[in-house]
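Results of the structural survey
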Amino acid sequence: MLRVGNKAACLACRNLVSTNMGVRFRVPLQKLHPLSRAIHHRYSGNTNPQRPPHRTAARYFTSMSRLPMRPPKPPPGSGGRGHQQQRNFWVASLAARLLKLRYILLGSAVGGGYTAKKTYDEWKEMLPDFSEYNWVIPDFVWELSEQIDLDKLAKALPEIEEIAKLLPDFDKIGENFTFLKSLLSSETSGDPPLKATDSSTAAAQEGSDKQYKKGLLGELVLIQQQIQRHEEEVRRAAAANSARPPPPEPAPSPPPNPSPPQEKRKSSDKERVDLLQEELLRTQLKYQRMLERLEKENKELRKVVLQKDDKGIHQRKVKKSLIDLYSEVLDILSDYDANYNTQDHLPRVVVVGDQSAGKTSVLEMIAQARIFPRGSGEMMTRSPVKVTLSEGPHHVAMFKDSGREFDLSKEEDLAALRHEIELRMRKSVKAGQTVSCETISLSVKGPGIQRMVLVDLPGVISTVTAGMASDTKETIFSISKAYMQNPNAIILCIQDGSVDAERSIVTDLVSQMDPQGKRTIFVLTKVDLAEKNLASPNRIQQIVEGKLFPMKALGYFAVVTGKGSSGESIDSIKDYEEEFFQNSRLLKDGMLKAHQVTTKNLSLAVSDCFWKMVRESVEQQADVFKASRFNLETEWKNNYPRLRELDRNELFEKAKNEILDEVISLSQVTPQHWEAILQKKLWERVSTHVIENIYLPAAQTMDSGTFNTTVDIKLKQWTDKQLPHKALEVAWETLQEEFARFMAEYKGKDQDDIFDKLKEAVKDESIKRHKWNERAMDSLRVIQHNALEDRSITDKPQWDAAIQFMEETLQSRLKDTESVIRDMVGPGWRQRWLNWMNRTPDQHIRNETKNELERLLKLHDEHTAYLANDEVTTVRKNLEGRGVEVDPVLIKDTWHQLYRRHFLQKALSHCNLCKRGFYYYQRHFVDSELECNDVVLFWRIQRMLVITANTLRQQLTNTEVRRLEKNVKEVLDDFGEDMEKKTHLITGRRVQLAEDLKKVREIQEKLEAFIEALHKEK
C-alpha cells in the first residue's frame, strides 16, 4: 500500500475525507493531518522541490518507522546448533514481518480515521448555520408542505391505463384513413402543396413529440395534434373530391345504370366517412372532458394555495397582484384630464355591440357571476363599467371607492351588487341625459378567472325611442369611438346571431376603428337560436369565417349565453352551452371548430391577446409619461421656484388648518374686550328707541310720578318684545366681525392669496348655518327685565357715571339734530360768502319756517312736543305775509327738529344741575325742587347694558364660539368632499400645474412598478 504512486495516495486521502461528508468541494492534501500525510506519502516522490519530503513526521510519532536489525549470519561450521538457531531466527523474522504488516494496517486505519474526523470537524465549523435563514422561506410554504399530501395527490392522478382507455383506436382510424387515401389517390396524388404540407406537418409533429413526450399533458397535446392533423386530411380530401370535374356524358346514349357493387361501394365509403367524423368528434369531446377534469382539480389546488397564501401574507405587507397594479393605473388615467398631448393608450378589452346583443351576458360568463342588472329589451348599461378580473381564493366583487366585499356565491350579495351598479349608473347620468361617460370601476376575483381588464359600454342603438334624450345615439357613438380609437385597445365585438346580420350597426363602427382587424375579436352570441331559426346554417359558418361581414378580426367565436331566463345560474348556462355544442350539427358537420366555441375558450383567447398587447405597449406608454413629467417639472421650476408642489387637496388641507387656527384664536379675546364691544354695539342699536320712544314721551309729563309710570310701562313693553332679540343680533354680529377681523389679521402673516376665495366662502356658509340658542333669549329677557326694574343707585360714582352717560348721549343726539337742521336750511351766511354756496328754493322756505318757529319757542319756552292746528295756521299765515308759500307738513317736520334741539339743550342744562343731586336722590327729592328722574332712567339703561353685555359675553365664550368652530369644521368637511366646490374655490395655473404633476408622477411610478412586476413574471 505504501509503494503505490503519489496519485493513488492522493486519491486515497481524498476518498477517505469526502465519502460521508456531503461536501461538494475538495480539500487539498496540505489540509490533512501530518500523521496521515506521513503514512500515505512516505515513499512517494516530492513534487515540490522547494519543500522537503514529509519523512520525519512519522518517526517522531510512531515506533514502527524503524525495522528490527537482522542478526549476523553464523560462520560456517558452527554445527547443527547453529543451524537450529538460524532456523529459529528465520521463524522469528517471518513472525516479525507479519506483525509489522498488521501494525502498519492498524496504524493506517487509526490515523486515517482520526484525520478524517478532524477534517470533518474543521469543515463543519467553516459551514454557516443555515437554520438562521429559515425566515427567508414564507410561512405558507411550511404550512403547505404539512397540509398537502403529495403521495395522496399522486394517487389521485389517473393511471396511464385509464387514459389509454379514453383514447381512440388509432389502428382503426389509420385503416380508415388508409382506405380513404387509396380511394382518393387518383385525385390527390399529383398535388405538390398537399405533400409539402404533409411533410411540414410531419416535421412539426416530430418536434412536438420531442417536446411533449413526457407527462399526461404531453400525451393530451399529442392527441390534439393528431386530431387536428386527421381533421385537416379529411377536409382536404373532401375539398379535392368536390373540386374534381364530373366526367362528360355521351349525348346520344343514356347513361348506363351503375352496377350494384359500385353503389354498395359508394354507400360504404360514405358510411366510413361519417363514422370517421363521429369518431373524431367523440375523441374531441373526451379530450375536452379530460381537460376540464384536470382544470377542475388544478382550480381546487390553486384555491387551497391561495387561501394559505392569503392567511400567511395578510399578517405582513399585502402584495398586490399584477392585474391589480395595472387596474390602478387605468383608474388614475380615467380621472386624469390629459394635457400636453398625453393620451391614454394603455390596453384594455372594450366590449361593444348592439343593444340586447348579449354583451353583458358574455361579460358575466367570463366573470363567472350574474353581476349586472337586467331588463327585457330596455337599455340597462347607461355608463361604461370597467371590470378588473383576477384570480383569488374567494369569488368576491368590490368597487374601487368602497371597502365592501360582495360574496358572489350568495344570491343576496349578488342582488345587492346588481342594485348598487344600477344606482351608480343612474346617479352618474345627469339631468336630461340618458347615458353618461363617467366610468364605474369594479373588480372581480375568484378561482380560475382569467386576468384582464374589460370595459362594458352602452349598447349601440339605431333609433332614439320615447323617454330618451335626443342626443343619446350620438353620445353612445362618441363614447364607443373614444374607447375604440385607442390603438392598443382590444375590441370585443358582440353580434347577435338570432337576428339578421344585415341589421347590425356595430360591425360598421368597428370596421371604421380597426379596418385591418389587428385588435378585434368577433363573438357570435345566441347560436342556439340561430341554428333553430336560420334556414341555411351555412350563414353561421360564413360569419365565423369572416366572409359575411366586411370587417376583419383576429379570431371568431360562437357562444351560447343561456336560454334567455334571468334566473339562470352560471353553472346551468355552462352545462347548457356544452350540451348544445355536443349535439349541434354545426360542430359535427365541421362548420365550427372546437376551439371556436364556448365562452371558456373565448376568455382564454381574450386574456392571451390582452397580455400580449400589454407587453408590447406598456413600456412605450411609460416613456410618454416620463417626457410629460419632465415638461411639467420644468415649467414649475421656471414659474414657482420657491414654492412647494401642493395639489388642490393639499392646498385645501393647508387652508383648512389656517381657518381652524383663526377660529380657535377667538377664544383668546379677553372678557373686557368682548363686553366693551357688546355694550357699545348694543347701545348704538337701541339708543334711538330709548330716546325717541321712552325718554322723550316720558319727559313731556308734568310730574315725576307720571314720568316713572310712563318709563316703567314702556321699558316693560320693550323688554318683552324687542330688547332680547336686538341683543342676540348684536352678539351674533359681534362674533362675525371678530371672526372676520382675526382672519384679516392672520392674512397679513405670509398669507397665500390663493385661499381668499375659499375663506370667504367658508365664513359666509358658517355664518349662514349658525343659529343662536333659542333658550338663551328667554333667560336673557328675564335678566334684562330684572336689571331695568332696579332703581337704587348705591353710591356717588354710579350717580356720576349715569350723569356722564346721559350727558354723552344727549350731546351726541344734539349734534346729530343740528346736522339735520343745517341740511334742511342750507348753508349759513359765512359759508355763502366764503365758499360761494347758495341755498335752494326749498332750503330758503325751510329757513324762513325755522326762523318763524324759533320765535314761537322763545315766547313759549315750556311748549309741548307738538304744534296745535291753530299754531300751524298762524305760522303759515305769517310766512305768506312775507311772501313765502309753505305746506303745513313742512312746518310740522321743521318744528320736530327744532323742538328736539330745544329739548336736548334743556336736558343738558338739567343734567348739569343734577350733578349735585345725589344727596337729594337719597332723600327721594323730598323738600327739593330738583328732580333727577331722567338720571335714574339713564342709570337703569346703563346697568341693563352692562349686565346684558356680561351675559352675552359668557354665552359667546362658553357656547357660541365652540358652536361656530363646529360649524366651520362641518363646512370645511362638506367642501372637502365636494370636488366641484374645491375646484371652484381653489383655482389658478399653479394649482392645475401641481395637479398634473402629481397625476403624471403617480401614473409613471405605478407603470414602472407594473413593468417591473411584469418582467419578474416572465
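Residues numbered from 1 in each chain as written. Predicted model: local features only at pLDDT ≥ 70, side-chain atom pairs only at ≥ 80, totals over all residues. Heavy atoms only, no water.

Things to note about the overall build of the protein chain
For the protein chain, the count of helices and strands is 37 helices and 9 strands. Contacts spanning at least 24 positions in sequence make up 79% of the contacts within the protein chain whose residues lie at least 6 apart. As presented, the protein chain carries roughly 59600 Å² of accessible surface, and 52% of it is formed by carbon and sulfur atoms. (Helix = DSSP H or I, 4+ residues; strand = E, 2+ residues; numbered from the N terminus. Contact = heavy atoms within 4.5 Å. Areas by Shrake-Rupley, 256 points an atom, 1.4 Å probe, with all protein chains shown as cover.)

Here's the deal with the pattern of salt bridges
One pass over the full model with this rule turns up 42 salt bridges. With a closest N to O distance of 3.0 Å, R769 and E765 form a salt bridge. With R769 and E765 both in helix α27 (residues 756-769), this residue pair falls 4 residues apart, about one helical turn. By relative accessible area, which is 31% here, R769 ends up partly exposed. In this structure E765 comes out as partly exposed when scored by relative accessible area, which is 23%. Of the charged contacts, one joins E960 and R963 as a salt bridge, the two residues approaching to 2.8 Å between their closest N and O atoms. Of the two residues, E960 and R963 are both situated in helix α35 (residues 933-977); the distance of 3 residues between them amounts to about one turn of the helix. When salt bridges with common partners are traced through the structure, they connect R629, E633, E645 and R1001 into a single cluster. (Salt bridge = Lys/Arg side-chain N within 4 Å of Asp/Glu carboxyl O. Buried < 20%, exposed > 50% of the residue type's maximum accessible area, 1.4 Å probe, protein only.)

Quick look at unusual backbone geometry
Despite not being glycine, S356 has its phi angle at roughly 65°, a positive value. S356 sits in the partly exposed class, given a relative accessible area of 43%. We note that T598 has phi near 75°; this positive angle belongs to a residue other than glycine. For T598, the position within the fold is in the loop between α21 (585-588) and α22 (599-639).

Details of the sheet that holds strand β2 (residues 385-391)
Sheet architecture is open: 9 strands sit in the order β4-β3-β5-β2-β6-β1-β7-β8-β9, paired in mixed fashion. Each edge of the sheet is formed by a strand with only one pairing partner; in this case those strands are β4 (406-407) and β9 (555-558). Pairing of strand β7 (residues 490-496) with strand β8 (residues 520-525), which is carried by 6 bridges, proceeds in the parallel orientation. Bridging across to β8, L492 finds its partner in I521. (Pairing = 2+ DSSP bridges.)

Topic: the packing of aromatic side chains
This model, assessed by the stated rule, comprises 14 aromatic pairs. Ring geometry for Y695 against F938: centres 5.3 Å apart, planes inclined by 70°, an arrangement best described as edge-to-face. Note that Y695 is positioned in helix α24 (residues 671-699) and F938 in helix α35, a separation of 243 residues in sequence. We note that Y695, like F938, is buried. Through a chain of ring-to-ring contacts, three or more aromatic side chains come together here, namely W683, Y695, F805, F903 and F938. Its end group placed over the ring of F399, R424 keeps NZ or CZ at 4.0 Å from the ring centre. The residue whose ring lies beneath K982 is F652, and the NZ or CZ to ring-centre distance is 5.5 Å. (Phe/Tyr/Trp six-rings, centres within 6.5 Å; stacked < 30°, edge-to-face > 60°. Lys NZ or Arg CZ within 6 Å of the ring centre and 35° of its normal.)

Looking at a nonpolar patch on the surface
A cluster of nonpolar side chains, namely W829, W833 and L834, defines an oily patch on the protein surface of about 480 Å² accessible area. Its place among the elements puts W833 in helix α30 (residues 829-835). (Patch = residues over 30% accessible without salt bridge, like charges linked within 9 Å, V, L, I, M, F, W, Y side chains within 5 Å.)

A few points about the nonpolar core
Of all hydrophobic cores here, the largest spans 98 residues; its most connected members are Y695, W718, W799, I941 and V968. Ranked by the residues each element gives to this core, the list is headed by α35, at 17 residues. If we ignore the near neighbours within four places in the chain, the residues touching V968 are I659, L660, V663, F739, V762 and S766. Judged by nonpolar contacts, the second largest core, of 59 residues, contains L325, I332, C609 and I1011. (Core = buried A, V, L, I, M, F, W, Y, C linked by side-chain atoms within 4.5 Å.)

Comments concerning the state of the cysteines
Across all of its chains, the model carries 1 disulfide by this definition. A disulfide bridge connects C914 with C932, and the sulfur atoms are separated by 2.1 Å. Its torsion about the S-S bond being -100°, the disulfide of C914 and C932 is classed as left-handed. In this pair, C914 sits in helix α33 (residues 888-914) while C932 sits in the loop between α34 (918-922) and α35, placing the two residues 18 residues apart along the sequence. (Disulfide = S-S within 2.5 Å.)

Focus on the environment of H394
Along the polypeptide, H394 turns up in the loop between β2 and β3 (396-399). A C-alpha to C-alpha distance of 8.8 Å links H394 and S409, two positions 15 residues apart in sequence.

Details of the side chain of H395
Along the chain, the position of H395 falls in the loop between β2 and β3. The class of H395 is buried, set by a relative accessible area of 17%. Only 3.2 Å separates the side chain of H395 from the backbone oxygen of A367, close enough to count as a polar contact. When near neighbours in sequence (up to four residues on either side) are disregarded, H395 contacts A367, Q368, A369, F406, D407, L408, S409, V444, K445, G446, P447 and I449. (Polar contact = N/O pair within 3.5 Å; in protein donor to acceptor, adjacent residues only side chain to side chain.)

Considerations on the packing of helix α16 (residues 472-484) against helix α17 (residues 506-513)
Their axes nearest at 10 Å, the elements α16 and α17 cross at an angle of 40°. Seen from above, α16 lies across α17 with right-handed handedness. Where α16 approaches α17, its residues F477, S480, K481 and M484 are matched on the opposing element by L509, V510, Q512 and M513. Classifying every residue of the contact of α16 with α17 gives 5 nonpolar, 2 polar and 1 charged. (Axes fitted to C-alpha atoms, helices over the stretch in contact; angles between N-to-C directions. Left-handed = near helix turned anticlockwise from the far one by under 90°. Nonpolar A, V, L, I, M, F, W, Y, C, P; charged D, E, K, R; others polar.)

Quick look at helix α28 (residues 774-789)
Given a rise of 1.5 Å per residue, 16 residues ought to cover 22 Å, and the 24 Å separating the end C-alpha atoms of α28 matches this to within 8%. All of the buried residues along α28 are A776, L780, Q784, A787 and L788. Down the axis of α28, the smallest arc covering the buried residues is 90°, so these residues share one side. (Expected span 1.5 Å × (residues − 1). Arc of directions from axis to C-beta.)

Things to note about the environment of V690
The topology assignment puts V690 in helix α24. For V690, a relative accessible area of 1% translates into the label buried. With 248 residues separating them in the primary sequence, V690 and F938 have C-alpha atoms 9.4 Å apart. In this structure V690 touches W683, Y695, W718 and I941, once residues within four positions along its chain are discounted.

Notes on the confidence of the model for the protein chain
Confidence in the prediction of the protein chain, expressed as mean pLDDT, is 75, and 69% of residues score 70 or more. Per-element confidence in the protein chain is highest for strand β1 (residues 349-353), whose mean pLDDT is 92, and lowest for helix α3 (residues 56-61), whose mean pLDDT is 36. Contacts of residues 1-87 to residues separated by more than four positions or lying in other chains number 66 contacts, the stretch itself having pLDDT below 50. Of the regions scoring below 50 in pLDDT, residues 244-258 engages in 2 contacts with residues more than four places distant in sequence or in other chains. (pLDDT = per-residue confidence, 0-100.)

So, the pairing of β9
With burial as the criterion, each face of β9 is covered, one bearing G555 and F557 and the other bearing Y556 and A558. Note that β8 and β9 share 4 bridges and pair parallel. Across the sheet, the residue bridging to F522 is Y556, located in β9.

A look at the side chain of T360
Assignment of secondary structure puts T360 in helix α14 (residues 359-367). At 3.4 Å, the side chain of T360 forms a polar contact with the side chain of D456. Discounting residues that sit within four places of it in the chain, T360 has contacts with F372, T381 and D456.

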